[in-house]
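# Structure at a glance
Residue-level listing of the chains:
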Amino acid sequence: SQTIHQWPATLVQPVGSPLSLECTVEGTSNPNLYWYRQAAGRGLQLLFYSVGIGQISSEVPQNLSASRPQDRQFILSSKKLLLSDSGFYLCAWRTSGIFSYEQYFGPGTRLTVT
Amino acid sequence: KNEVEQSPQNLTAQEGEFITINCSYSVGISALHWLQQHPGGGIVSLFMLSSGKKKHGRLIATINIQEKHSSLHITASHPRDSAVYICAVMNYGGSQGNLIFGKGTKLSVKP
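Here is a short report on the structure shown in this document.

Calculation rules
- Residues numbered from 1 in each chain as written.
- Chains lettered and ligands numbered in written order.
- Predicted model: local features only at pLDDT ≥ 70, side-chain atom pairs only at ≥ 80, totals over all residues.
- Heavy atoms only, no water.
- Contact = heavy atoms within 4.5 Å.
- Buried area = accessible area lost by both parts, 1.4 Å probe.
- Salt bridge = Lys/Arg side-chain N within 4 Å of Asp/Glu carboxyl O.
- Helix = DSSP H or I, 4+ residues; strand = E, 2+ residues; numbered from the N terminus.
- 1 Å grid on protein atoms, 1.4 Å probe; cavity = no way out; pocket = protein on both sides within 12 Å on 5 of 7 lines; lining within 4 Å.
- Points joined across faces, edges and corners; volume = space filled by probe spheres on them.
- Nonpolar A, V, L, I, M, F, W, Y, C, P; charged D, E, K, R; others polar.
- Disulfide = S-S within 2.5 Å.
- Buried < 20%, exposed > 50% of the residue type's maximum accessible area, 1.4 Å probe, protein only.
- Pairing = 2+ DSSP bridges.
- Axes fitted to C-alpha atoms, helices over the stretch in contact; angles between N-to-C directions.

To continue, consider the interface of chain B and chain A. Each side of the interface is counted separately: chain B has 22 residues, and chain A has 19 residues. Taken together, both faces of the contact between chain B and chain A bury some 1,600 Å²; the carbon and sulfur share is 59%. A per-residue breakdown of the area chain B buries against chain A is headed by Ile43, Gln96 and Phe101 of chain B, which together make up 31% of the total. Linking chain B to chain A there are zero salt bridges. Taken together, the elements giving at least two residues each to the side of chain B that touches chain A come down to strand 4 (29–37), strand 5 (43–49), strand 9 (83–91) and strand 10 (99–101) of chain B. Among the elements that line the side of chain B that touches chain A, the one with the most residues is strand 4 of chain B, at five residues.

Written out as structure tokens, the structure is:
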């Protein structure tokens, strides 16, 4: 069966520090991968998506970046965190293909930038 | 205007009440999802709909494609149903396959 892992579960980081959040998927190959963020009082918003290794598309201008070094690994990074980067970060995947509508979510990472 | 609007934003109910949460969207969609988010943040998928109606236990989800509207109903509500309920749509023809989310409805069921 398919499983999605995200870590860490919670993180408190000072402003200006780097960030690395990791997401891995098991039990499937060549998934479409997504990073979403939920800021306080707002809905989930797409940050990045990837349809394959090394292929990253960004939806929102920001100081974050994403990488996909392996088929089932998706990493969210920042060189210097801002207060506005605080929020709940969610990794998700779906089977590639235009008729694949089901989306699966990781447990999420709650990031607090102080 | 957001592409996905939910109402109400907050809802308090007494145990046993029938609950309805509404979702309206403004884009063409391939599918609509109802999700449940608990206080810790984790998200559980409740339903995925592209037409008609689905039922799972005490939960019922309906969608009207022509009116671009969906509802989530909870019958015989229970305190354990307390959570944030999120409507999300997959944009028709969108190559990314990402979801567009509503802001959520915070439900609190009192015993």
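Let us now look at the layout of surface pockets. Reported here for the largest pocket is a volume of approximately 560 Å³. Listed by contribution, the elements that provide at least two residues to the lining of the largest pocket are strand 4 (31–38) and strand 5 (45–52) of chain A together with strand 10 of chain B. One number sums up the size of the second largest pocket: a volume of about 470 Å³. Contributing to the lining of the second largest pocket are 23 residues, with Gln38 of chain A together with Gln37, Val84, Lys103 and Lys106 of chain B lying nearest its centre. At the level of elements, strand 9 (87–95) of chain A together with strand 9 and strand 11 (105–110) of chain B are the ones that each hand at least two residues to the lining of the second largest pocket. Residue composition of the lining of the second largest pocket, by class: seven nonpolar, twelve polar and four charged.

What follows concerns the state of the cysteines. Scanning all chains against the criterion turns up two disulfides over all chains. Across a sulfur-sulfur distance of 2.0 Å, cysteine 23 of chain A and cysteine 91 of chain A are joined as a disulfide pair. Between cysteine 23 of chain A and cysteine 91 of chain A, the S-S torsion sits near -70°, and that sign places the bridge as left-handed. Residue cysteine 23 of chain A is located in strand 3 (residues 19–26), and its partner cysteine 91 of chain A is located in strand 9; the two are separated by 68 residues in the primary sequence. Exposure remark for cysteine 23 of chain A: the relative accessible area of 1% places this residue in the buried category. Through a disulfide, cysteine 23 of chain B is tied to cysteine 87 of chain B; the S-S separation comes to 2.0 Å. Every disulfide takes its handedness from the sign of the S-S torsion; for cysteine 23 of chain B and cysteine 87 of chain B that torsion is -65°, giving left-handed.

Let us now look at the sheet that holds strand 1 (residues 3–7) of chain A. All names here are of chain A. The strand order across the open sheet built from four strands is 1-3-8-7, with neighbouring strands paired in antiparallel fashion. Two strands lie at the open edges of the sheet, namely strand 1 and strand 7 (64–70), each paired on one side alone. Averaged over neighbouring strand pairs, the angle between their axes works out to 15° when direction is ignored.

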